[in-house]
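Examination of the molecular architecture
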Amino acid sequence: MRVLIVEDELYMAEAIRDGLRLEAIAADIAGDGDAALELLNINAYDIAVLDRDIPGPSGDEVARRIVASGSGMPVLMLTAADRLDDKASGFELGADDYLTKPFELQELVLRLRALDRRRAHSRPPVREIGGLRLDPFRREVYRDGRYVGLTRKQFAVLEVLIAADGGVISAEELLERAWDENADPFTNAVRITISALRKRLGEPWLIATVPGVGYRIDTAADTGREGGDRG
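Residues numbered from 1 in each chain as written. Predicted model: local features only at pLDDT ≥ 70, side-chain atom pairs only at ≥ 80, totals over all residues. Heavy atoms only, no water.

Within an unreviewed UniProt entry, the label attached to the protein chain reads Two-component system response regulator VanR, and the organism entered is Murinocardiopsis flavida.

The next thing to look at is the sheet that holds strand E9 (residues 146-147). With antiparallel pairing, four strands are arranged side by side in an open sheet as E6-E7-E8-E9. Each end of this open sheet is capped by a strand with a single partner; those strands are strand E6 (127-129) and E9. In this sheet, E9 lies alongside strand E8 (residues 140-143) in antiparallel orientation, the contact comprising two bridges. Residue pairing across strands places Arg143 opposite Arg146, the latter belonging to E9. Running at roughly 115° to strand E7 (residues 132-135), helix H6 (residues 152-163) makes contact with E6, E7 and E8 of the sheet. (Pairing = 2+ DSSP bridges. Helix = DSSP H or I, 4+ residues; strand = E, 2+ residues; numbered from the N terminus. Contact = heavy atoms within 4.5 Å. Axes fitted to C-alpha atoms, helices over the stretch in contact; angles between N-to-C directions.)

Counting buried residues along strand E1 (residues 2-6), five of its five residues qualify, which places the element largely inside the surrounding structure. Covered by surrounding structure in E1 are Arg2, Leu4 and Val6 together with Val3 and Ile5, the residues of both alternating faces. Relative to strand E2 (residues 26-30), E1 is paired through five bridges, and the arrangement is parallel. Paired with Leu4 across the two strands is Asp28, which belongs to E2. As a crossover connection, the stretch from E1 through helix H1 (residues 10-22) into E2 is right-handed. The sheet contact formed by E1 and strand E3 (residues 47-50) spans four bridges and is parallel. Considered in E3, the bridge of Ile5 is made with Val49. (Buried < 20%, exposed > 50% of the residue type's maximum accessible area, 1.4 Å probe, protein only. Right-handed = clockwise from strand over helix to strand, strands pointing away.)

Right, let's get into the sheet that holds E3. On the basis of which strands lie adjacent, the open sheet formed by five strands has the order E2-E1-E3-E4-E5 and parallel pairing. Either end of the sheet is taken by a strand with one partner, and the two such strands are E2 and strand E5 (97-100). For this sheet, the mean angle separating the axes of adjacent strands, direction not counted, is 20°. Sitting on the sheet, H1 touches E1, E2 and strand E4 (75-79), and the angle it makes with E2 is about 170°.

Glancing now at the packing of helix H2 (residues 33-42) against helix H3 (residues 59-69). Orientation of H2 relative to H3, taken along the N-to-C sense of each, is 20°, at an axis distance of 10 Å. Judged by the angle between their axes, H2 and H3 are roughly parallel. Regarding H2 and H3, the two cross each other, and that crossing is right-handed. Counted together, Gly33, Ala36, Leu37 and Leu40 of H2 and Val62, Arg65 and Ile66 of H3 form the full contact between these two elements. For the contact of H2 with H3, the class distribution of residues is five nonpolar, one polar and one charged. (Parallel < 35°, antiparallel > 145°, perpendicular 65-115°, else oblique. Left-handed = near helix turned anticlockwise from the far one by under 90°. Nonpolar A, V, L, I, M, F, W, Y, C, P; charged D, E, K, R; others polar.)

What follows is the structure in structure tokens.
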């Protein structure tokens with residue numbers, strides 16, 4: 001999952017971003033409405049977390065534009081305004097959820113995961129492919145009934161690959177969706193994570209490398225070995 005945090009208090013924004021990263025949720029920060037709209041035009045986000053009172057176009061205006069775009073992106077409003085009429089106006093703008101400050105980070109995480117499940121209602125909450133079973137809510141992975149312990153980053157990468165249903169995902173797209181905008185495009189983090197993930201899942205290899213293109217889940221166990229440990 002990748003979210004956009006629109007918050008003008010930098011310390012709070014960075015604390016939220018760092019906390020979400022520990023939960024395998026990639027997050028970018030926008031400190032004002034103009035930066036938020038620019039990032040929304042450049043990147044694909046699963047959820048927007050908006051402070052209503054920000055410089056430039058307000059959080060309300062950003063929410064209006066998200067709704068008008070027809071993207072279906074859920075919006076969670078994060079604000080100190082806790083009166084009922086404030087909440088009502090937020091929902092009327094198209095907000096999907098509302099969390100007032102101060103708040104516990106874990107509550108934000110739970111709400112984001114609930115919004116993500118609701119957004120992806122057309123796909124089963126538990127994904128299965130090639131003998132793999134991934135439960136995004138419980139953060140569990142099984143291969144042929146055997147539990148596989150993964151790091152948060154390995155889980156995030158596998159989640160993106162499984163969601164592609166056997167399609168090829170480039171290293172750049174994995175960086176975008178499992179890391180965030182601050183990831184070095186020249187880093188070997190993807191290759192290293194893929195290699196470690198293959199070993200955790202065990203043989204025959206399920207993650208195949210498509211030379212010059214990217215990676216995919218190979219549902220044919222005997223051909224899955226072709227991906228090897230090449231990054």
